[in-house]
Amino acid sequence: HFHKLDAATHSAEGINPLCGDKLHLYVAVDDDDTITAAAFEGSGCAISVASASLLTDIVTGLSKQQALDCFAEVTARLAAPGAHESRNIGVNLDKIRALDGVREYPSRVKCATLAWHALNSAIQGQSKPVSTE
C-alpha cells in the first residue's frame, strides 16, 4: 500500500518530529461511506512504516465509523501498557499485536500511532497536518 492513491477522497499528513517520521495517508471513500482503498507515502522508522502498512490493510473495506473505532482502539491499546482492556469493535485487529512491544517505550508509541492519527484527521476532514508532539 506504499504509493500515492490518485482516487483518494480523503487525505492527511502526519509528522513525528522526534523520530523524523513523515507520511501522507490517502483514503478513498465511496458514497456508502465505505473505505474502498487506502495507501500512504513518506519516510520514517520501521515502526512508523509498519504501522501505516498495517493500517491501510486493516481499514480497506471498513466504514468510516469502523475506521474511527479502530483509531480509538489502536491508539488506546498502544498508549496504555498493560492497562487497556480491548473492546469488541467488530473488526479483527490481531495484526496490531505486532506493535504491542512499543508500549514499553513511550517515544516509540508516537511512531506507531502516527498513521492512525493521520487516518482520524483524514476521515474528520481536518486540513492541518497531524503531529505527535
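Residues numbered from 1 in each chain as written. Predicted model: local features only at pLDDT ≥ 70, side-chain atom pairs only at ≥ 80, totals over all residues. Heavy atoms only, no water.

Draft legend 1. Unusual backbone geometry, seen in detail. Notably, Asp33 is not glycine yet its phi reads approximately 65 degrees, a positive angle. Considering the arrangement of structural elements, one finds Asp33 in the loop between β2 (21–29) and β3 (35–43). (Helix = DSSP H or I, 4+ residues; strand = E, 2+ residues; numbered from the N terminus.)

Draft legend 2. The packing of helix α1 (residues 46–59) against helix α3 (residues 106–124), seen in detail. Where α1 meets α3, the axes come as close as 8 Å, and the angle between the chain directions of the two elements is 35 degrees. Relative to α3, α1 is oriented so that their crossing is right-handed. For the pair α1 and α3, the contacting residues are Ile47, Ser48, Ser51, Ala52, Leu55, Ile58 and Val59 in the first and Arg108, Cys111, Ala112, Leu114, Ala115, Trp116 and Leu119 in the second. (Axes fitted to C-alpha atoms, helices over the stretch in contact; angles between N-to-C directions. Left-handed = near helix turned anticlockwise from the far one by under 90°. Contact = heavy atoms within 4.5 Å.)

Draft legend 3. Spatial organisation of the pattern of salt bridges. One pass over the full model with this rule turns up six salt bridges. Here Asp100 ties to Arg77 by a salt bridge, and the two come within 2.8 Å at their closest N and O atoms. Placement of Asp100 in the loop between α2 (64–79) and α3 and of Arg77 in helix α2 is noted, with a sequence separation of 23 residues between them. Here Asp100 and Arg77 have matching classes, each one buried. The partner of Asp94 in a salt bridge is Arg97, with the nearest N and O atoms 3.5 Å apart. Several salt bridges converge on common partners, so that one network encompasses Arg77, Asp100 and Arg103. (Salt bridge = Lys/Arg side-chain N within 4 Å of Asp/Glu carboxyl O. Buried < 20%, exposed > 50% of the residue type's maximum accessible area, 1.4 Å probe, protein only.)

Draft legend 4. Fine view of empty space enclosed by the protein. This structure, assessed with the given rule, holds one cavity of 30 Å³ or more. Of the pockets and cavities examined, the largest cavity occupies roughly 30 Å³. Among the secondary structure elements, those contributing two or more residues to the lining of the largest cavity are β2, β3 and α1. Considering each element in turn, the lining of the largest cavity owes the most residues, four residues, to β3. Considered class by class, the residues forming the lining of the largest cavity number five nonpolar, three polar and two charged. (1 Å grid on protein atoms, 1.4 Å probe; cavity = no way out; pocket = protein on both sides within 12 Å on 5 of 7 lines; lining within 4 Å. Points joined across faces, edges and corners; volume = space filled by probe spheres on them. Nonpolar A, V, L, I, M, F, W, Y, C, P; charged D, E, K, R; others polar.)

Draft legend 5. Local environment of the pairing of strand β1 (residues 10–16). Residues His10, Ala12, Gly14 and Asn16 line the buried face of β1, whereas the alternating positions Ser11, Glu13 and Ile15 sit on a face that is not buried. Two elements, β1 and β2, share seven bridges in a ladder whose sense is antiparallel. Across the sheet, residue Gly14 finds its bridge partner in β2, namely Leu23. Of the pairings in the sheet, the one linking β1 to strand β4 (residues 130–131) comprises two bridges and is parallel in character. (Pairing = 2+ DSSP bridges.)

Draft legend 6. Local environment of the packing of aromatic side chains. In total, this model carries one aromatic pair according to the counting rule given. Centroid distance Phe2 to Phe40: 5.2 Å. Interplanar angle 80 degrees. Geometry classified as edge-to-face. Taken as a pair, Phe2 in the segment before β1 and Phe40 in strand β3 lie far apart in primary sequence, 38 residues in all. For Phe40, a relative accessible area of 5% gives the class buried. (Phe/Tyr/Trp six-rings, centres within 6.5 Å; stacked < 30°, edge-to-face > 60°.)

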